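What follows is each chain in one-letter form.
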Amino acid sequence: MSDPEAFSFAVETRLAGRHGRSGVISTPHGDIATPAFIPVGTKATVKAVLPETMRELGAQALLANAYHLYLQPGSDIVDEAGGLSKFMNWPGPTFTDSGGFQVMSLGVGFKKVLAMEAVDVRSDDVIAAGKERLAIVDDDGVTFRSHLDGSKHRFTPEVSMGIQHRLGADIIFAFDELTTLLNTRAYQEKSLQRTHEWAQRCIDEHERLTASRTHRPYQALFAVIQGAQYEDLRRKACRELESIRGAAGTGFDGYGIGGALEKHNLGTIVGWCCDELPEDKPRHMLGISEPEDIFVAVENGADTFDCVNPSRVARNAAIYVAEGRFNINTARFRRDFTPIDETCDCYTCANYTRAYIHHLFKAKEMLASTLCTIHNERYTIRLVDRIRESIEGGYFDEYKAETLGRWKGRIRTP
């Protein structure tokens, strides 16, 4: 039942001189061998693909979104169904994020990406061009309007914990404030303090709900580390979050590295955090999936990471292969009767040609999204599986050099 010992993490192999490692996260719904890519099923589904197919593709866990499931169908319905895993017919471990990212990113009109570009302009009234503000943050929580129907809602740390406990995921995240690289240093400091206070409220509510919901398996609570690109703020956040305890002595079960950052600083920021975080707790990197980012995050200490990108770009005809990424709906593939990737073991590559998938996109057939999503998710999952094998086999650096040497970001037309 609701036993904290049902969740654990064990380190198996370490990268010499670096924070990178392989390990195993154990949850009530099964184990996750790390490093691991966690595909995103935002609304309790990876768009266009059956949960059973995701298992066949090698996915070890799926991540759903608390904000979207709160709005539709409602966390109470998921709870009544027996929790997220039963609701979506997924037998393995599940994650839910706190909803904070979506509330505030959608609330100010920004795209759902972690990496941003730093600019000289600094403003604390951040709003994307041409967008209307949908979210207002105060010290107690966030008031926002639904992107679906404009109805007004409010998330606090306690509300987020309640939603996520009803959703029943194995790993849940503390409610935090998302900032951007546009925010001033002063606001980043204020936001970090607010997120710290919310983290304490989350762990207190998590303890209370865990004690009252003994009919459900234990849910592991991860803190979220903010601090943008400031080394002192990132390190401070890690130390303070690690020290937080609930009334019953509960600490965080793991840590999520979040917030806005520039892509070229990804490894540095992950490294700062892992300098400070305890070795015996798992670390989740929020929102990455490109091969170069995965290698950098893993060698600097990230154990798991999630991203919508493999499925999102697939629905727009973008395909991952070893040499880079290309768009299959361009004219050059009209009479290409080869698989997407002859070295890939996914269902799509075993059964369909580039010409057929090109036709599906041109004909606006839904099957196009399904076949491309299957391939892109398998590509990403298999890449991370091989990274794990390279760590355990002692050839990580060689595998990284070989893989990124082939990865160009795009297949160009001859």
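Here, every reference points to the structure presented above.
All of the points below concern the structure found in this document. (Residues numbered from 1 in each chain as written. Predicted model: local features only at pLDDT ≥ 70, side-chain atom pairs only at ≥ 80, totals over all residues. Heavy atoms only, no water.)

1. Details of the pairing of strand β11 (residues 220–225)
To keep things clear, this is the line we draw: Remark: exposure states derive from per-residue accessible area (1.4 Å probe, protein chains only) relative to the maximum for the residue type, with buried under 20%, exposed over 50%, and partly exposed in between. In this description a helix means any DSSP run of H or I spanning at least four residues, a strand means any run of E spanning at least two, and both kinds are numbered starting from the N terminus. For two strands to count as paired, DSSP must find a minimum of two bridges between them. Assignment of crossover handedness uses the view with strands pointing away from the viewer, where a clockwise path from the first strand over the helix to the second indicates a right-handed crossover.
Of all six residues making up β11, six are buried, and the element is well covered by its neighbours. Side chains Ala-220, Phe-222 and Val-224 project from β11 onto one buried face, and the interleaved Leu-221, Ala-223 and Ile-225 project onto a second face that is buried too. Across three bridges, strand β10 (residues 171–173) lies against β11 in parallel orientation. Looking at the pairing, Ile-172 lines up with Leu-221 of β11. On the question of chirality, the crossover connecting β10 to the parallel β11 by way of helix α7 (residues 185–212) is right-handed. Strand direction decides the pairing type here: β11 and strand β12 (residues 254–257), joined by four bridges, are parallel.

2. What about the pattern of salt bridges?
It is possible for side chains bearing opposite charge to pair when their charged atoms get close. Keep this limit in mind: For this document, the term salt bridge refers to a Lys or Arg side-chain nitrogen within 4 Å of an Asp or Glu carboxyl oxygen.
A complete count under the given rule lists 30 salt bridges for this structure. Glu-279 is the partner of Arg-14 in a salt bridge, and the nearest nitrogen-oxygen pair spans 2.8 Å. Taken together, the residues Arg-14 in strand β1 (residues 8–14) and Glu-279 in the loop between α9 (266–276) and β13 (283–286) connect sequence positions 265 residues apart. Residue Arg-14 is classed as exposed on the basis of its relative accessible area of 52%. Looking at Glu-279, the relative accessible area reads 34%, which means it is partly exposed. Each of Arg-14, Arg-21, Glu-279, Arg-283 and Asp-303 takes part in a single network of salt bridges with overlapping partners.

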